[in-house]
Amino acid sequence: MKKWIVMLAVLVMFCLAGCGEKPMTAVYFHTDDNSWYFADLDTDTIFSGTIPDKLTDENGKKLTEEDMTDGDVYLIYGDSIMLESFPGQYPGITKMVRKEQGNQEKADHYRKELLSSEDRELSLLMQRKYPREYQCSVKVAEYIMQATGSRLSEEEIMYLSVHIRRVSTIDL
């Protein structure tokens, strides 16, 4: 019986000490409007989160939020609970360790991904809210493609929808 109690105590202590807590590896990046985000390098999930007090470099030296630069790659520890939103929110970050400094290639990749995702979100909103105007703009884009060989981007189709909506609601 005593042996079981000792084994149980060791198991509990091991779990309380971090029981295999696996960190997330994520790149830190800024957008043009000075917002900042992380992107999980394993899942490509883009999210924001609270910067913890336990922020260190690869050698264990304490860092502050001001020390964080675009493209830094961090090991992020926390409760692994990501809030469902776009971009995601991770309020449970408890510790971050900088693994790599200033990887601009990764930062640029996710910055573009975030912007294109935001465009898709806005495009879907336009399609749901103004379906007639959106379909009209798609037909205009098809005509432009046939007449000139130039393909309009989703962003341009979306802007056409906005203008068609505005023109169609003007009181004469």
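In what follows, the accompanying structure is described. Sequence order as written defines residue numbering, which begins from 1 separately in each chain. It should be noted that, the model being predicted, local features are given only for residues of pLDDT at least 70 and side-chain atom pairs only at 80 or more, the latter also being counted only at that level, while totals for whole chains, interfaces and linings use all residues. Side-chain measures were taken over the full set of non-hydrogen atoms in the model, leaving aside hydrogen atoms and water.

1. Brief notes about the pattern of salt bridges
Here is step 1 of the chain: Salt-bridge detection follows one rule: a side-chain nitrogen of Lys or Arg within 4 Å of a carboxyl oxygen of Asp or Glu. Under the definition given, this model contains 5 salt bridges.
Here is step 2 of the chain: The residue Glu58 makes a salt bridge to Arg98 at a minimum N-O spacing of 3.4 Å. Taken together, the positions of Glu58 in the loop between β4 (54-56) and β5 (73-78) and Arg98 in strand β7 (residues 93-100) put the pair 40 residues apart, joining distant regions of the chain. Only runs of H or I of at least four residues qualify as helices and only runs of E of at least two qualify as strands under DSSP, and these elements are numbered from the N terminus.

2. Brief notes about the side chain of Asp72
Here is step 1 of the chain: As for its placement among the helices and strands, Asp72 is situated in the loop between β4 and β5.
Here is step 2 of the chain: Each residue gets one of three labels from its accessible area relative to the maximum for its type: buried under 20%, exposed over 50%, partly exposed in between, using a 1.4 Å probe on protein chains only. We treat Lys and Arg as the positive residues and Asp and Glu as the negative residues; His and chain ends play no part in the count. Buried charge without a salt bridge: Asp72, with Arg98 as the nearest opposite-charge side chain at an N-O distance of 4.0 Å.
Here is step 3 of the chain: Two N or O atoms form a polar contact when they lie within 3.5 Å of each other; inside protein one atom must be a possible hydrogen donor and the other a possible acceptor, and for residues adjacent in sequence the pair counts only when both atoms belong to side chains. A distance of 2.8 Å separates polar atoms of two side chains, one belonging to Asp72 and the other to Thr69.
Here is step 4 of the chain: Separated by 2.8 Å, the side chain of Asp72 and the backbone nitrogen of Gly102 make a polar contact.
Here is step 5 of the chain: For this analysis, residues touch if any pair of their heavy atoms sits within 4.5 Å. Ignoring any residue separated from it by four or fewer positions in sequence, one finds Asp72 in contact with Ala26, Val27, Tyr28, Asp67, Arg98, Glu100, Gln101, Gly102 and Asn103.

3. Notes on helix α3 (residues 131-148)
Here is step 1 of the chain: Here a helix's expected span is defined as the number of its residues, less one, multiplied by 1.5 Å. Here α3 spans 25 Å end to end across 18 residues, near enough to the 26 Å set by a 1.5 Å rise per residue.
Here is step 2 of the chain: Of all the positions in α3, only Glu133, Tyr134, Ser137, Val138 and Ala141 are classed as buried. Down the axis, α3 shows its buried residues gathered within 140 degrees of arc, on one side only. Those residues of α3 that are exposed and angled more than 90 degrees off the buried face are Arg132, Lys139, Tyr143, Gln146 and Ala147.
Here is step 3 of the chain: Just beyond α3, the residue with positive phi is Gly149, at close to 80 degrees. Working definition: the arc comes from the directions between the helix axis and the C-beta atoms, pointing outward to the latter.

4. Concerning the nonpolar core
Here is step 1 of the chain: Of all hydrophobic cores here, the largest spans 14 residues; its most connected members are Phe38, Phe47, Leu55, Met68, Tyr74, Ile76 and Met96.
Here is step 2 of the chain: Contributing elements (two or more residues each) for this core: β1 (24-30), β5 and β7.
Here is step 3 of the chain: Examining the composition of this core, we find that 3 residues originate from one element, β1, more than from any other.
Here is step 4 of the chain: For Leu55, the contacting residues outside a window of four places in its chain are Lys61, Lys62, Leu63, Thr64, Glu65, Met68, Tyr74 and Met96. By nonpolar core is meant a set of buried Ala, Val, Leu, Ile, Met, Phe, Trp, Tyr and Cys residues that side-chain atoms within 4.5 Å join together.

5. Quick notes on the packing of aromatic side chains
Here is step 1 of the chain: Pairing of aromatic rings covers Phe, Tyr and Trp, the last counted by its six-membered ring, and requires centre-to-centre distances within 6.5 Å; plane angles under 30 degrees mean stacked, over 60 mean edge-to-face, and any other angle means tilted. Within this structure, the stated rule accounts for 6 aromatic pairs.
Here is step 2 of the chain: Each ring, one from Phe38 and one from Phe47, has its centre 5.5 Å from the other, and the planes form 25 degrees; the classification is stacked. Both residues of the pair, Phe38 and Phe47, belong to the buried class.
Here is step 3 of the chain: Members of the aromatic cluster, joined through ring pairs, are Tyr28, Trp36, Phe38, Phe47 and Tyr90.
Here is step 4 of the chain: Two thresholds decide whether a charge sits over a ring: the Lys NZ or Arg CZ must be within 6 Å of the ring centre and within 35 degrees of the ring normal. Over the ring of Tyr77 we find Lys95; its NZ or CZ atom is 4.9 Å from the centre of that ring.

6. Some remarks on the sheet that holds β4
Here is step 1 of the chain: Spatial ordering of the open sheet is given by β4-β7-β5-β1-β2-β3-β6, a layout of 7 strands whose pairing is mixed. On the outer flanks of this sheet lie β4 and β6 (88-90), each paired with one strand and no other. The mean angle between the axes of side-by-side strands here comes to 35 degrees, regardless of whether they run parallel or antiparallel.
Here is step 2 of the chain: Two strands make a pair as long as DSSP finds a minimum of two bridges between them. Here strand β3 (residues 46-49) runs beside β6; their pairing, made up of 3 bridges, is parallel. Across the sheet, the residue bridging to Gly49 is Tyr90, located in β6. Axis definition: a line fitted to C-alpha atoms, limited for helices to the stretch in contact. Angles are taken between N-to-C directions and run from 0 to 180 degrees.

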